[in-house]
Amino acid sequence: MTDKPSKADLLAQLAAIPAERAQAAANFDKRETALVAELRGLNATWEEVADALKLAGRQSAQRKFRPLIEEVRTVRPRPNPKETR
């Protein structure tokens, strides 16, 4: 015989959903940005990106992703001085 979860357990599980949803959305956003950056590196046009994402047009894609891609490109890990010696 299996025990049914208590009301408190179910409420706790329900309360955890918004945080889980936010984390999943953040992961999808990172993946989407990485894919767009990779495509742009392969000379995909903003129009192609917009079409793939069902956005209104190239300008919508540029507005959404250009700042994010620039941020990704400018963030570089700092070399560890101990490793370079």
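Notes on the structure follow. (Residues numbered from 1 in each chain as written. Predicted model: local features only at pLDDT ≥ 70, side-chain atom pairs only at ≥ 80, totals over all residues. Heavy atoms only, no water.)

## Details of the pattern of salt bridges
Working step 1: One pass over the full model with this rule turns up one salt bridge.
Working step 2: Here Glu32 makes a salt bridge to Lys64, at a shortest N to O gap of 3.4 Å. With a gap of 32 residues between them, Glu32 in helix H1 (residues 7–41) and Lys64 in helix H3 (residues 58–74) connect regions that are remote in the sequence.
Working step 3: Lys64 gets classed as partly exposed once you look at its relative accessible area, which sits at 39%. (Salt bridge = Lys/Arg side-chain N within 4 Å of Asp/Glu carboxyl O. Helix = DSSP H or I, 4+ residues; strand = E, 2+ residues; numbered from the N terminus. Buried < 20%, exposed > 50% of the residue type's maximum accessible area, 1.4 Å probe, protein only.)

## Remarks on unusual backbone geometry
Working step 1: At Asn43, a residue that is not glycine, the phi angle is positive and equals roughly 70°.
Working step 2: Assignment of secondary structure puts Asn43 in the loop between H1 and helix H2 (46–52).
Working step 3: Owing to a relative accessible area of 69%, Asn43 belongs among the exposed residues under this scheme.
Working step 4: Unlike most non-glycine residues, Lys54 shows phi in positive territory, near 60°.
Working step 5: Take Lys54: it is sitting in the loop between H2 and H3.

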